[in-house]
Structures are given as structure tokens and as C-alpha cells.
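# Structure assessment
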Amino acid sequence: MNGKNNNLDILPMKQWDMDLGERPIIIAGPCSAETEEQVLSTAHLLSGRGIKIFRAGIWKPRTRPNTFSGVGERGLPWLRRVKQETGMMTTTEVASARHVYEALKYGIDILWIGARTTANPFLMQEIADALQGVDLPVMIKNPINPDLDLWIGAIERIYNAGIRRIAAIHRGFSTYGQSIYRNEPNWQIALDLKAQLPNIMLINDPSHIAGRRDLLQSVAQKAMDLSFDGLMIEAHITPEQAWSDAHQQITPDQLMELLSNLQLRKAQAQDRLLEEELVKLRAQIDVFDSLLMEILSDRMNVVRRIGELKKRYNMTIFQEKRWQQIILRAQQVAGEKGFSSSFVEKLFKLIHQESIGQQTLIMNKERKAEHATKEKA
Ligand code: PEP
Ligand code: MN
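Here goes a summary of the coordinates provided. (Residues numbered from 1 in each chain as written. Chains lettered and ligands numbered in written order. Predicted model: local features only at pLDDT ≥ 70, side-chain atom pairs only at ≥ 80, totals over all residues. Heavy atoms only, no water.)

This part is about the pairing of strand S3 (residues 89-93). Burial within S3 is extensive, with five of its five residues counted as buried. Of the two faces of S3, both are covered, the one formed by Met89, Thr91 and Glu93 as well as the one formed by Thr90 and Thr92. Where strand S2 (residues 53-55) lies against S3, three bridges are found, and the strand directions are parallel. Following the sheet pairing, Ile53 is matched in S3 by Met89. Where the polypeptide runs from S2 across helix H2 (residues 76-86) and back to S3, its parallel neighbour, the crossover connection is right-handed. Of the strand pairs in this sheet, S3 and strand S4 (residues 110-113) are connected by three bridges, and their pairing is parallel. Residue Thr91 lies in a different strand from S4, and its bridge partner there is Ile110. (Buried < 20%, exposed > 50% of the residue type's maximum accessible area, 1.4 Å probe, protein only. Helix = DSSP H or I, 4+ residues; strand = E, 2+ residues; numbered from the N terminus. Pairing = 2+ DSSP bridges. Right-handed = clockwise from strand over helix to strand, strands pointing away.)

Okay, the coordination of the manganese ion (ligand 2) next. Around the manganese ion (ligand 2), the donor atoms from the protein are Cys31 (SG), His208 (NE2), Glu234 (OE) and Asp245 (OD), and they sit 2.1 to 2.4 Å away. Counting residues between consecutive donors of the manganese ion (ligand 2) along the chain gives the motif C-x176-H-x25-E-x10-D. Taken as a pair, Cys31 in the loop between strand S1 (25-29) and helix H1 (36-48) and Asp245 in the loop between strand S8 (230-234) and helix H10 (252-261) lie far apart in primary sequence, 214 residues in all. Take Cys31: its relative accessible area is 2%, and that puts it in the buried class. (Donors = N, O, S within 2.8 Å, 3.2 Å for Na, K, Ca; no water.)

Moving on, we get to the nonpolar core. Generally speaking, nonpolar side chains in soluble globular proteins are found buried as a group. Judged by nonpolar contacts, the single largest core of 72 residues is most densely connected at Leu131, Ile155, Ile158 and Leu193. Top element by residues in this core is helix H6 (residues 148-160). It accounts for seven residues. Not counting chain neighbours up to four residues away, the residues in contact with Ile158 comprise Met124, Ile127, Ala128, Leu131, Val138, Ile140, Ile163 and Ile166. Core analysis: the next-biggest nonpolar cluster, separate from the first, contains 12 residues, Ile25, Met89, Ile110 and Ile203 among them. (Core = buried A, V, L, I, M, F, W, Y, C linked by side-chain atoms within 4.5 Å. Contact = heavy atoms within 4.5 Å.)

With respect to topology, eight strands assemble into a closed barrel ordered S1-S2-S3-S4-S5-S6-S7-S8, the strand pairing being parallel. Strand after strand, the sheet turns through a mean of 25° between neighbouring axes, direction not considered. Here strand S5 (residues 138-141) pairs with strand S6 (residues 166-170) via four bridges, running parallel. Across the sheet, Val138 pairs through a bridge with Ile166, a residue of S6. Across the sheet, H1 touches S1 and S2, and the angle it forms with S2 is around 150°. (Axes fitted to C-alpha atoms, helices over the stretch in contact; angles between N-to-C directions.)

Okay, here's the thing in C-alpha cells:
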């Protein structure tokens, strides 16, 4: 972590000058505004259940053509009515300068930038330019590809336009192939963002990560366990009939149930005894971490000796059979210790990569030495 972005003076959420409601901050509403009736009835139900921020996509970036791509400008007065009738704040996605101007005209309270837009520096700059001199909160979704710098770059462009109320929305990352998620969460990227921009408000979007209703609860819980500040969840009066993202939307009542099932934990220990206990346990962890490094270093010394033998007897560095044995053994021990097999596999792959790197250094060093002797001769 280089922490090089700590100098961005993003306003901590506590200083946002509007009432964001209790923590976690909940943003809810349909994927898309479809009809005035659908927007208003969903909004009234959500508002009646205490939700303070209403979302609805007006311009929808769709993967395939010939699918519903949003109602466009004519949906903006519906959002204005939501604000007038319920007092909720409204938010919608903007993907161009024109969207920004239109949204401002209709008094949208918060703008959000979608994942496909964050990934496009030209569009981000165009939006940032349109936001010059505008004092509106902006939420920036992660780019569709797992690229932390691209996410930070988009945030910086908005920041450079003078916006200080900035939130980041973690909505997962595209992958090709099998996954239970529509978008792989890669939680570490969101945590790395928070480490680089400690003040930023971090919202999780379980709907676009999960892509299906039955996974929403567990994704939302994970976000709470990782100290996210809020959740953006798609809610619709008749989810099965939604014109976009029908599999992942839930009714306002289901949303309430999900929220009431969440276990909220505190980021800081309030109690002094608990704090002392944590300090003691963390000291133990530090000791174990040092031991781990010692053991890894001893292991690496053996790896280097093997590397020398391989060089002397002209063997390849990578030995398929041996690698299979290592993984198999590790998997067995993992089972006994209660670790997940994917964790053990990743861990040993990393160790193995480093071992190969170390042995390659040995081979190259000797090769260079040989080369130098031949040259001399
Ligand atoms: C959305 O929020 O409906 C949306 C299109 O999200 P994303 O940009 O994360 O795909
Ligand atoms: Mn959606």
C-alpha cells in the first residue's frame, strides 16, 4: 500500500451537510424507472418503511442491444415527484455531460456513475467537466474490470472538478466463466480503496454482485462485517416483472426483512476490557506472523539448495509430479485444520511461485557466471 492518495481531502461522511439517515445508509429503488406509476408506488412503499434515498436508473447501459435502455429524460419529472411527495433524496446514473445537465435541471440530489462509465476515462473527464462548479454528491461505482487505479482515477477526476462529497460503490467485477455471482466481489479491492482513501464513504451494491435474490443477504452481511458505510439495493414493487435485472430485485417488504436480518457490528470496541483483550490477542497474532515469516524463510533456504542441485544435474525447475504432491498434502491437512481448500490452494500457489522465482535466480546467476567465464576464455 503506498497511501499516495491520502492527500485527497474527500469529506468524511459525517461532514456531508445533508441528513443521510442512520448507519448503514440505505439507498433503494428499482434498477430502472419504467413508468410513473411504478416509480411512485415503489417510492411510497420504501419511504413508508423509513428509506431516505431513492434510486432509479433513467438511462440504462445494457449489455445487449434491443433490450430496454431506460425511459430517458421523460422519467426525470417522476423522480422530482418522488422528492416532492415523499421527501426522499433521489439518485440516478449519469453517463455523459448531457445526462448531468438534465439531472441537474430536475433537482436530482445525488448522481452516480455506473461501472461501465468509470472504466472509460474520456467519459469520466466529460462528466467531471460538466460538474465544474456544481456542489452535488457523486457516487462512483467500481469499473467493471478489477483495476483499483482506474477506480481511483475516476474518483480523482470528480474530485478535481471540485466535488468533495464523494462515495464509492462496490458492485463487483466481471469475470468470464463460472461463478455463483453475477459480478465477482473481490472484496480486497474495495478494502484497498478504503486504505488509500480513508475518508471515502464506501457503499456496497449486493444486487449487482449477486445477480440473484437468494444471495443478497449474505453479500450484504459480508459488507457489514467489513465495515461498509451503506448498501445500495434494487427494490421493485413487482420484481419478477421488472424491465431490467428482474432476477436480482426484491420487493420493499423483502428489503425490510433483509435489513432486519443484518447483524451490525461495531468497527471499534466500546468497552475497555474488550479493547485490552483485543490488544493481547493481536500481540499473539503478531508473534505468529513473525514465526510464519521465519518458517517461510527456512523453507526458502531448502528450496534454494534444491535449485542448486537441479542446476548441477540439469533438471527443469518445475516438476509437475512434485507440485501435485505438495497440493494434495496441503489439501489433506487443510481438511483437518478446517481451512477451505481454495485458501490452501491459493496459499501454496503463491509459495510455489516464489520458490520458482528463487530457483530461477540461482539458474540465471550460474548461467551468467558461465557466460562470463566463456567470454574470458
Ligand atoms: C445499476 O445500478 O442499475 C447499474 C446499471 O449498475 P452497474 O453500473 O453497477 O452495472
Ligand atoms: Mn440494475
